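Summary of the model geometry
What follows is the residue order along each chain.
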Amino acid sequence: MNTILIYGLLGLPKLEIAGAVIATVLARMVEVSWCLLETAQKDRVKLRRRHLLRDDKQLRSDFWKYTAPVLGNEIVWGVGFTMYSVIMGHLGTDAVAANSIANIVKNLVACFGLGLGSGGGIIVGNELGAGRLENAKKYGGKLCKFSILCGIASGIVLLILISVILSATNLTDQAKYYLQWMIVICSYYLIGKSINGTTISGIFCAGGDSKFGLICDTVTLWCITVPLGFLGAFVFRWPVLTVYFIVNLDELIKLPAVYLHYKKYKWVRDLTVKEAISS
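Residues numbered from 1 in each chain as written. Predicted model: local features only at pLDDT ≥ 70, side-chain atom pairs only at ≥ 80, totals over all residues. Heavy atoms only, no water.

Remarks on the overall build of the protein chain
Summing up its helical and strand segments, the protein chain has eleven helices and zero strands in all. Listed N to C, the secondary structure of the protein chain is α-α-α-α-α-α-α-α-α-α-α in terms of helices and strands. Each of the three principal axes of the protein chain carries a C-alpha extent, and together these read 80 × 50 × 30 Å. Evaluated residue by residue, the protein chain yields a buried proportion of 36% over its 279 residues. Residue pairs at least 24 apart in sequence account for 75% of intrachain contacts in the protein chain once pairs closer than 6 positions are excluded. (Helix = DSSP H or I, 4+ residues; strand = E, 2+ residues; numbered from the N terminus. Buried < 20%, exposed > 50% of the residue type's maximum accessible area, 1.4 Å probe, protein only. Contact = heavy atoms within 4.5 Å.)

See below:
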């Protein structure tokens, strides 16, 4: 819908930025409608008003206990990536143009790893909630191995697409040079992204181990990559690709800590509350 409404394809008017707004709103409406239709099917969890209005103190306490760190993690991560844009924006128009395209391509290819994390979290969560903790550990191990393969495959796909991406862009020679090497840097980033997305966002959260992600991203982004990126861009005036390399190190820096935390198996917990049955 973005493509059709922005550029005015299929006989529709060319709306440009307004087309992007309309397409985004329509997409969210379709998304919500689809979710409501899904809950209406047989053997699905039903959305009921009484569930939303019921004051269950235990449920509310558990909800904020496990989701507040996730919300905090998203804020830390989101603001950190905004700082990356500020850093790259200081390096000139060619760097900004190349960085914008590289990020779009990187995010498109990274969707495979993100999907693996979301789906893996559901699979592991189901096993943990059913009390099958050993099965959850086995599935977690398989998902981690698959995430490595998925990350490598995503990186290879990105490298293969370099010539196609460069030929499809209308950039200066300097910007194309930046873009080419930025995509190469993104290829290793995707390996770390796939592994960390599967473990931190999927497996760990399935067992309520959500604080680790908040701590890990806070330290990695705000104590290492963001400060180094600012120093490289604003103080030491390092080359564009050096700065870009630094701001894309966050996912790799996290890997040793993620591996060690995974092996502690703190995430292997059943979070469900068993209701007492009165005789």
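Overview of a nonpolar patch on the surface
Together, Met1, Ile17, Val21, Ile22, Val25, Leu26 and Met29 line one region of the surface with nonpolar side chains, adding up to about 670 Å² of accessible area. When you line up the elements, Met29 lands in helix H2 (residues 17-39). (Patch = residues over 30% accessible without salt bridge, like charges linked within 9 Å, V, L, I, M, F, W, Y side chains within 5 Å. Areas by Shrake-Rupley, 256 points an atom, 1.4 Å probe, with all protein chains shown as cover. Salt bridge = Lys/Arg side-chain N within 4 Å of Asp/Glu carboxyl O.)

Some remarks on helix H4 (residues 57-89)
Its 33 residues give H4 an end-to-end C-alpha distance of 47 Å, which sits within 8% of 48 Å, the value for a rise of 1.5 Å per residue. Taken as a whole, H4 carries its principal kink of about 35° at Thr67; the proline Pro69 stands between one and four residues after it. Among the residues making up H4, those that are buried are Asp62, Pro69, Gly72, Asn73, Val76, Gly80, Tyr84, Ile87 and Met88. Elements that come into contact with the buried residues of H4 comprise helix H5 (93-129), helix H8 (173-206), helix H9 (211-235), helix H10 (240-247) and helix H11 (250-264). (Expected span 1.5 Å × (residues − 1). Bend = angle between axes of the 7 residues up to and from the residue.)

As for the pattern of salt bridges
Counting across every chain of the model gives six salt bridges. Residue Glu38 pairs with Arg44 through a salt bridge whose shortest N-O separation is 2.6 Å. Judged by its relative accessible area of 29%, Glu38 is partly exposed. Here Arg44 falls in the partly exposed class, since its relative accessible area comes to 38%.

Some points on the confidence of the model for the protein chain
For the protein chain, the mean per-residue pLDDT works out to 91, and 97% of the residues sit at or above 70. Considering each helix and strand of the protein chain separately, the mean pLDDT is smallest for helix H3 (residues 49-53), with a value of 68, and largest for H10, with 96. (pLDDT = per-residue confidence, 0-100.)

Some thoughts on the environment of Glu16
As for its position among the elements, Glu16 is in the loop between helix H1 (2-7) and H2. Taking the C-alpha atoms as reference points, Glu16 and Thr3, separated by 13 residues in sequence, lie 9.3 Å from one another. Setting aside anything within four residues of it in sequence, one finds Glu16 in contact with Leu5 and Ile6.

Concerning the nonpolar core
Counting 35 residues, the largest nonpolar core has Leu179, Met182 and Tyr244 as the members making the most contacts within it. Sorting the residues of this core by element identifies H4, H5, helix H7 (162-168), H8, H9 and H10 as the ones contributing at least two each. Counting residues per element, this core draws most heavily on H8, at ten residues. Setting aside its immediate chain neighbours within four residues, Leu179 contacts Ala98, Ile101, Ala102, Ile165, Leu166, Thr169 and Leu171. Ranked by size, the runner-up nonpolar core spans 17 residues in total, among them Ala136, Ile200, Phe204 and Ala206. (Core = buried A, V, L, I, M, F, W, Y, C linked by side-chain atoms within 4.5 Å.)

A look at the packing of H8 against H11
The packing of two helices is summarised by the inter-axis angle and the distance between the axes. At a closest axis distance of 9 Å, the pairing of H8 and H11 adopts a crossing angle of 40°. In terms of orientation, H8 lies oblique with respect to H11. Seen along the crossing, H8 lies across H11 with a hand that is left-handed. Where H8 abuts H11, its residues Tyr188, Tyr189, Gly192, Lys193, Ile195, Asn196, Thr199, Ile200, Ile203 and Phe204 lie against Asp250, Glu251, Leu252, Lys254, Leu255, Val258, His261 and Tyr262. In terms of residue class, the contact of H8 with H11 is made up of ten nonpolar, four polar and four charged. (Axes fitted to C-alpha atoms, helices over the stretch in contact; angles between N-to-C directions. Parallel < 35°, antiparallel > 145°, perpendicular 65-115°, else oblique. Left-handed = near helix turned anticlockwise from the far one by under 90°. Nonpolar A, V, L, I, M, F, W, Y, C, P; charged D, E, K, R; others polar.)

Considerations on the side chain of Lys254
Within the secondary structure, Lys254 sits in helix H11. A polar atom in the side chain of Lys254 sits 2.7 Å from the side chain of Asp217. (Polar contact = N/O pair within 3.5 Å; in protein donor to acceptor, adjacent residues only side chain to side chain.)

With respect to unusual backbone geometry
The phi dihedral of Glu16 falls on the positive side, at around 55°, and the residue is not glycine. Owing to a relative accessible area of 48%, Glu16 belongs among the partly exposed residues under this scheme.

Considerations on H10
Of all eight residues in H10, six are buried, a share of seventy percent or more. Buried residues in H10 make contact with H4, H5, H8, H9 and H11.

Quick look at the packing of aromatic side chains
Under the defined criterion, the tally for this structure stands at eleven aromatic pairs. Both rings, one in Trp77 and one in Phe81, keep their centres 4.4 Å apart while their planes meet at 35°; by these two values the pair is tilted. Within this pair, Trp77 and its partner Phe81 are both found in helix H4, separated by four residues, close to a single helical turn. A residue is classified by how much of its surface remains accessible, and Trp77, at 27% relative accessible area, is partly exposed. A centroid spacing of 6.3 Å and a plane angle of 50° characterise the contact between Tyr177 and Tyr178, whose relative ring orientation is tilted. Of the residues examined, Tyr177 reaches a relative accessible area of 42% and is grouped as partly exposed. When its relative accessible area of 15% is taken as the criterion, Tyr178 is described as buried. One aromatic cluster is present, formed by Trp77, Phe81 and Tyr84 through successive ring pairs. Over the face of the ring belonging to Tyr189 we find Lys106, whose NZ or CZ atom lies 4.2 Å from the ring centre. (Phe/Tyr/Trp six-rings, centres within 6.5 Å; stacked < 30°, edge-to-face > 60°. Lys NZ or Arg CZ within 6 Å of the ring centre and 35° of its normal.)

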